[in-house]
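What follows is the residue order along each chain.
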Protein chains: 2
Amino acid sequence: MKAHIITIGDEILIGQTLNTNAAFIGEQLNLISVDVISSSVVGDSEEFILAEFQRTFEQNDIVIVTGGLGPTHDDVTRSSIVKFFDTELVEDRDVLTDIENIFKKRGREITETNKDQALVPKIAEVIRNKKGTAPGTWIEMKKKVFISLPGVPYEMKDMMKEIVIPKLLDKYSKDLTKIAKQTLIIMTTGIAESHLYEKLRDLNLVKEGTTMAFLPSQFGVKLRLTVTAPKPDEAKNKITEIEQIIRSKIGRYIYGKNEESIENVVAKSLIDRGLRLSVAESCTGGLIANRLTNFAGSSRFFERGVIAYSNAAKVELLKVDEDLIQEKGAVSLEVCLQMAEGVRAISGADIGLATTGIMGPTGGSDKKPVGTVFIGICDEKVVTAREFHFGDDRILNKERTSQAAIEMLRRNLLGIPYEE
Amino acid sequence: MKAHIITIGDEILIGQTLNTNAAFIGEQLNLISVDVISSSVVGDSEEFILAEFQRTFEQNDIVIVTGGLGPTHDDVTRSSIVKFFDTELVEDRDVLTDIENIFKKRGREITETNKDQALVPKIAEVIRNKKGTAPGTWIEMKKKVFISLPGVPYEMKDMMKEIVIPKLLDKYSKDLTKIAKQTLIIMTTGIAESHLYEKLRDLNLVKEGTTMAFLPSQFGVKLRLTVTAPKPDEAKNKITEIEQIIRSKIGRYIYGKNEESIENVVAKSLIDRGLRLSVAESCTGGLIANRLTNFAGSSRFFERGVIAYSNAAKVELLKVDEDLIQEKGAVSLEVCLQMAEGVRAISGADIGLATTGIMGPTGGSDKKPVGTVFIGICDEKVVTAREFHFGDDRILNKERTSQAAIEMLRRNLLGIPYEE
């Protein structure tokens, strides 16, 4: 089953909006073993949209289009579909009721523009939208499917998961189960791509019908393994075997699998152990706390956070020694240690985690250039801090620091030394 | 000048990585009036990559490819370029020196895999990479340009800005200045897309050779205006005129222009007024502080943040009345007001901002369902809080709450009432 994803919108082409929709649809299709061969973005122009429908519907079994279904005049996907399939628009009563209900619930007045969204291409099956006003459509032609979904991410996601995926599984069940493909993503952090590659290059995975891709970012390197085999069980066994070999070589750098975030891994580990955490952030400015509290149920382990940006806050809230700040500087190993100890002490948490550093782009000195960071951790037994040197991009530095801090926490919980 | 952007990598197709590169390249090209007609993503397969090179280089003046240039075996862009242009690889001494210097600076050992990256297609001009090991290439053929850049975002961005854009401006200067196009993005928040549309629909912009697109997200609705005119000055005047009309209709909802973030607007406003801010976050878990401290120079206005997740933290750090929490609940207007007052008082800041709410997906009750949020603000003269009702997605709820809180702060600074 070959699929192509089309995203519609000038805002995507000119970089005003990130294409999170194509990413989500690609992920969902891949999970059910549909091969996403390619994806494309075209602007809000009927001419280009029609040409892209033509080209991609010819080459693929499944085409999914998102965007351009809103209530405003710049949304031309629906009219393009009508032309492409040579059909007409008809009012759908259920959709109209859905739209009316949404406005009733929000306590807002319905507009004519919104009512107009109940018009759908005659040959299409409607994909109802529970979270918004633009319906999706499902059109079958020969053995192919052409699907159109709204561009608002949370509406599209809901429709994709609840309706499109089950319908695709239903329609293509025979073809999809023939494929014995297994994918595994191994998440690592704290090691460079080339060093990881050197440690793993002698595995000779390609020979065994397996592919391994290295995906680096400021958060670490992901390894994506893909295995194909004649039968599902074989593929499963093979990938498990390879995973074991990889773990034996680089286990300490691996924090998780299949896109699980390191904050989720650490959150679950803290909850399992019944431990409570407090954080004292200076340079990361709340990013560590924000990431950890993205975990649903974070109040079970997250006690409090202090964003001690000013020196006064460090002294008053974290009991850092004022003279020490004067002597060593707010960005120093010694102050970092006191911040970690301080936040643990004032909150009565089991673990204290602290960051202080120079995120840039300015504010560095010869001795402490932009990118200098200290991360400290302290629990019942240990109090320790490490120095890091990152780059000169402020946002990347915040992200790298938060990642290294959460990794220090992970290693602290597992008793893996951070060095090496 | 028509351009197409190709992003290479299975990880993009199957949604493991967001395509931030295509967004950045599109933005940069649009800024110099190059028309980004379309963009596409293909997997790590030489066959598909070659077909995409063929198709897009035929239809466009400029093709920019990113990704697939890393040191590992899954990177096949370079070999595809060699085949497409029927050329061969040669070692580039400057690139080799660049690579050696990078490893020297990082204090890491260079590997053979890295040295191999100094091989470049013979007919290409090298685009040097100051931040990483994979060089880019620039190939001219007839009047067209084919550009290849690495996929690591901060490397690609640097090369794009420092080398590619200046070279394109140089090469196409005559053609690019012929185009009199002006784009303006007006950033709004606190009003729904359809209501914004109703307020603006009678402008009849289309008739005047202007397009207006509505781009909604959890952070608000962006209006993208595009104007074309025979001469640059005319286009400029026309867009300024339209901007004035739009401001007269929906001014209070507009926080900025051209993708400036609301946190930047507020940060500058606080610095201009010499005001210091402290925040007390419960449900947003540090997100507000994180966003505000993304501003370079945030220490000039950001005094401290308290992430008072536990009730103990609310009482101990923010002096919230323990009995009040028992009586009204931690998620209540009354507690929110005390949090805002508390963080202002303990820190001596000019303004205190506070959030408390139920982010979900669980933890709601009939009286306070998931999505219930209180945001409070307090300064020398005012102490006020408002109740909001968002949805049931935890991350979206955090984002919406942070946006509404920063918007309350903005309106507080400008003296615009939040109601309506």
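Throughout this document, residue positions are counted from 1 along each chain, in the order its sequence is written. Note on labels: chains are lettered from A, ligands numbered from 1, in written order. Predicted model: local features are reported for residues with pLDDT of at least 70 only, side-chain atom pairs are reported and counted for 80 or more only, and whole-chain, interface and lining totals are derived from all residues. Values reported for side chains reflect all heavy atoms of the structure, with hydrogen atoms and water molecules removed beforehand.

S.K.: Just checking my understanding: could you explain the overall build of chain A for this structure?
M.R.: Helix and strand labels come from DSSP, where a helix needs a run of H or I of at least four residues and a strand needs a run of E of at least two; each type is numbered from the N terminus. Secondary structure summary: chain A contains 16 helices and 17 strands in total. Taking the principal axes of the C-alpha coordinates as reference, chain A spans close to 80 × 60 × 40 Å. Within chain A, buried positions represent 56% of all 420 residues. Accessible surface computed for chain A: about 17600 Å², of which carbon and sulfur atoms make up 48%. Computed over 55 positive and 61 negative side-chain charges, the separation of the two mean positions in chain A equals 5 Å. When accessible area is computed with a 1.4 Å probe and restricted to protein chains, residues below 20% of their type maximum are described as buried, those above 50% as exposed, and intermediate ones as partly exposed. Here the Shrake-Rupley method, with its probe set to 1.4 Å, supplies the accessible areas, and only the displayed protein chains count as covering residues. The convention is simple: Lys and Arg are positive, Asp and Glu are negative, and His and the chain ends are not counted. Charge positions come from single atoms, namely NZ of Lys, CZ of Arg, CG of Asp or CD of Glu.

S.K.: Would you take a moment to explain helix α13 (residues 311-318) of chain B for this structure?
M.R.: Along an α-helix, residues three or four positions apart point the same way, because every turn accommodates 3.6 residues. All names here are of chain B. Within the span of α13, buried status applies to Ala 313, Lys 314, Leu 317 and Leu 318. Taken around the axis of α13, the buried residues stretch over an arc of 105 degrees, which confines them to a single face. Positive backbone phi, at 60 degrees, marks Lys 319, one or two positions downstream of α13. It is the directions from the helix axis to the C-beta atoms whose arc is reported.

S.K.: It is not clear to me how the packing of aromatic side chains should be interpreted in this structure. Could you clarify?
M.R.: Aromatic ring pairs are described here by two measures, namely the spacing of the ring centres and the angle between the planes. Two rings from Phe, Tyr or Trp (for Trp, the six-membered ring) form a pair when their centres are within 6.5 Å of each other. A pair whose planes differ by under 30 degrees is stacked, one over 60 is edge-to-face, and the rest are tilted. One pass over the full model with this rule turns up 24 aromatic pairs over all chains. Taken together, a centroid distance of 6.3 Å and an interplanar angle of 65 degrees make the contact between Phe295(A) and Phe301(A) edge-to-face. For Phe301(A), a relative accessible area of 0% translates into the label buried. For the pair Phe57(B) and Phe84(B), a centre-to-centre distance of 6.2 Å together with 75 degrees between the ring planes defines the contact as edge-to-face. Here Phe84(B) lies in helix α4 (residues 77-84) and Phe57(B) lies in helix α3 (residues 46-59), a separation of 27 residues in the sequence. Taken as a pair, Phe57(B) and Phe84(B) share a single burial class, namely buried. Put simply, the rings of Phe53(A), Phe57(A), Phe84(A), Phe85(A) and Phe146(A) pair up and form one aromatic cluster. Only Lys NZ and Arg CZ are tested; either one counts as a charge over a ring when it is within 6 Å of the ring centre and within 35 degrees of the ring normal. The cationic tip of Lys171(A) hangs over the ring face of Tyr172(A); the distance from NZ or CZ to the ring centre is 5.4 Å. Sitting over the face of the ring of Phe388(B), Arg386(B) holds its NZ or CZ atom 4.8 Å from the ring centroid.

S.K.: Help me out: how do you make sense of the relation of the copies chain B and chain A in this one?
M.R.: For these two chain copies, the linking operation is a rotation about an axis paired with a shift along it. For this overlay, a least-squares fit was computed on C-alpha atoms, restricted to residues scoring pLDDT of at least 70 in both copies. Overlaying chain B with chain A gives an RMSD of 0.1 Å, the required rotation being 180 degrees about an axis along which the chain moves by 0.0 Å. A rotation of that kind, with that shift, is consistent with a two-fold axis. A high fraction, 100%, of the interface residues of chain B reappear at the interface in chain A, so the copies pair face to face through one surface. The contact criterion used throughout is that any non-hydrogen atoms of two residues lie within 4.5 Å.

S.K.: Hey, could you run me through the confidence of the model for chain A in this one?
M.R.: For any part of a model where pLDDT is low, the fine detail of the predicted coordinates should not be relied upon. Confidence in the prediction of chain A, expressed as mean pLDDT, is 91, and 96% of residues score 70 or more. Interface scoring of the predicted complex returns ipTM 0.75; its pTM is 0.75. The quantity known as pLDDT measures the predictor's confidence residue by residue, on a range of 0 to 100.

S.K.: Please explain the domain arrangement of chain A as it appears in this structure.
M.R.: Many structure descriptions define interface size as the accessible area lost when the parts assemble. As annotated, the domain borders come from an automatic or database domain assignment. In terms of domains, chain A is made up of domain 1 (2-177), domain 2 (181-257) and domain 3 (262-414). The gap between the C-alpha centroids of domain 1 of chain A and domain 3 of chain A is 44 Å.

S.K.: Would you take a moment to explain helix α16 (residues 394-414) of chain A for this structure?
M.R.: Residue and element names in this part refer to chain A. By this rule, a helix spans an expected 1.5 Å times one less than how many residues it contains. With 21 residues, α16 extends 30 Å between its outermost C-alpha atoms, agreeing within 8% with the 30 Å of an ideal straight helix rising 1.5 Å per residue. In terms of burial, α16 is a largely internal element, 17 of the 21 residues being buried. Where α16 starts, the residue carrying a side-chain oxygen 3.1 Å from the main-chain nitrogen of Ile 395 turns out to be Asp 393. Looking at the residues trailing α16, positive phi occurs at Gly 415, about 70 degrees. Any pair of N or O atoms that falls within 3.5 Å is considered a polar contact. Within protein, one atom must be able to donate a hydrogen and the other to accept it, and sequence-neighbouring residues count only if both atoms are side-chain atoms.

S.K.: Would you mind going over the interface of chain B and chain A with me for this structure?
M.R.: Listed as interface residues are 89 residues of chain B and, on the opposing side, 91 residues of chain A. Roughly 7100 Å² of surface becomes buried between chain B and chain A when both sides are summed, with 56% attributable to carbon and sulfur atoms. Salt bridge, as used here, is a side-chain nitrogen of Lys or Arg placed within 4 Å of a carboxyl oxygen of Asp or Glu. Our count for the chain B to chain A interface comes out at nine salt bridges. Note that Asp10(B) and Arg224(A) form a salt bridge whose closest N and O atoms lie 3.4 Å from each other. On the surface where chain B and chain A come into contact, there are 40 residue pairs in polar contact (both at pLDDT 80 or more). It is strand β2 (residues 35-42) of chain B that contributes the most residues to the side of chain B that touches chain A, seven residues altogether. As used here, buried area is the combined drop in accessible area, with a 1.4 Å probe, of two parts when they are placed together.

S.K.: How do you make sense of the nonpolar core when you look at a structure like this?
M.R.: Note that soluble globular proteins tend to have their nonpolar side chains buried in a common cluster. Grouped together as the largest cluster of nonpolar side chains are 66 residues, with contacts concentrated most on Leu277(A) and Leu277(B). Take the buried Ala, Val, Leu, Ile, Met, Phe, Trp, Tyr and Cys residues and link them wherever side-chain atoms come within 4.5 Å; each set so joined is a nonpolar core. Among the nonpolar cores identified, the runner-up in size contains 42 residues, and Ala385(A), Ile325(B), Val335(B) and Cys378(B) belong to it.

S.K.: Help me understand the pattern of salt bridges, please; the structure alone is not making it clear to me.
M.R.: Note on pairing: side chains with opposite charge can pair once their charged atoms come close. Applying the stated criterion across every chain, the model contains 51 salt bridges over all chains. Residue Asp44(A) pairs with Arg224(B) through a salt bridge whose shortest N-O separation is 3.9 Å. A residue pair is termed interchain when its members come from two chains, as with Asp44(A) in the loop between β2 (35-42) and α3 (46-59) and Arg224(B) in strand β11 (residues 220-228). A relative accessible area of 4% places Arg224(B) in the buried class. Lys328(B) is the partner of Glu334(B) in a salt bridge, and the nearest nitrogen-oxygen pair spans 3.8 Å. Since its relative accessible area comes to 30%, Glu334(B) is described here as partly exposed. Ionic contacts of the salt-bridge type, sharing partners, join the residues Asp10(A), Glu11(A), Asp44(A) and Arg224(B) into one network.

S.K.: I tried to follow the sheet that holds strand β8 (residues 144-149) of chain B on my own but got confused; where do I start?
M.R.: The strands making up a sheet associate through backbone hydrogen bonding, with each pair oriented either parallel or antiparallel. Paired strands, in this sense, are two strands between which DSSP finds at least two bridges. In spatial order, the strands read β6(A)-β7(A)-β8(A)-β3(A)-β1(A)-β2(A)-β2(B)-β1(B)-β3(B)-β8(B)-β7(B)-β6(B); together these 12 strands make up an open sheet with mixed pairing. Of all the strands in the sheet, the pair left with one neighbour each is β6 (125-127) of chain A together with β6 (125-127) of chain B. Put simply, the sheet's adjacent strands are angled 20 degrees from each other on average, direction ignored. Note on method: axes are straight lines fitted to C-alpha atoms, helices fitted across the in-contact stretch only, with angles between N-to-C directions ranging 0 to 180 degrees. Against the sheet, α3(A) engages β1 (2-8), β2, β3 (62-66), β7 (136-141) and β8 (144-149) of chain A together with β2 of chain B, with an angle of about 170 degrees to β1(A). Strands β3 (62-66), β6, β7 (136-141) and β8 of chain B of the sheet are contacted by helix α7 (residues 153-171) of chain B, whose axis makes an angle of about 170 degrees with β8(B).

S.K.: Would you explain the sheet that holds strand β12 (residues 254-257) of chain B in this entry?
M.R.: All names here are of chain B. Strand order in the open sheet made by the four strands is β10-β11-β9-β12, with antiparallel pairing throughout. The outermost strands of the open sheet, each flanked by one partner alone, are β10 (210-217) and β12. Each strand of the sheet is rotated relative to its neighbour by a mean of 20 degrees, with strand direction disregarded. Pairing of strand β9 (residues 181-188) with β11 involves eight bridges; the strand directions are antiparallel.

S.K.: Honestly, the side chain of Glu243(B) in this entry has me stumped. Any pointers?
M.R.: Residues and elements named next belong to chain B. Tracing the backbone through its elements, the reader meets Glu 243 in helix α10 (residues 232-250). Among the polar contacts listed, one links the side chain of Glu 243 to the side chain of Lys 257, at a separation of 3.3 Å. Once you skip the residues sitting within four places of it in the chain, Glu 243 turns out to touch Leu 184, Ile 186 and Lys 257.

S.K.: What is the right way to look at unusual backbone geometry in this model?
M.R.: Outside of glycine, negative phi angles account for most residues, and trans bonds account for most peptide bonds. Residues and elements named next belong to chain A. In this chain, Gly 360 is followed by Pro 361 through a cis amide linkage whose omega measures 5 degrees. Positive phi outside glycine occurs at Lys 319, with the angle close to 60 degrees. With respect to the secondary-structure elements, Lys 319 resides in the loop between α13 (311-318) and α14 (322-328). Owing to a relative accessible area of 59%, Lys 319 belongs among the exposed residues under this scheme.

S.K.: Sorry if this is basic, but what is going on with the environment of Val279(B) here?
M.R.: All names here are of chain B. Residue placement: Val 279 occurs in strand β13 (residues 277-281). When the C-alpha atoms of Val 279 and Gly 256 are compared, they prove to be 23 Å apart, with 23 residues separating the residues in sequence. Contacts of Val 279, omitting those with residues within four sequence positions, involve Ile 288, Ala 289, Phe 302, Arg 304, Gly 305, Val 306, Val 343 and Leu 353.

S.K.: I keep staring at the pairing of β8(A) and nothing clicks. Help me out?
M.R.: The two faces of the sheet receive side chains in turn, since in a regular strand these alternate between them. Residues and elements named next belong to chain A. With respect to burial, β8 is a largely interior element, five of its six residues being buried. Where β3 and β8 come together, five bridges link them in parallel fashion. Each bridged residue has a counterpart across the sheet, and for Ile 62 the counterpart in β8 is Val 145. Bridge count for β7 against β8 is five bridges, and the pairing is antiparallel. The residue bridging Met 141 from the neighbouring strand is Lys 144, located in β8. Linkage of β7 to β8, two consecutive antiparallel strands, is achieved through a turn of two residues, within which Lys 142 is found at a positive phi near 55 degrees.

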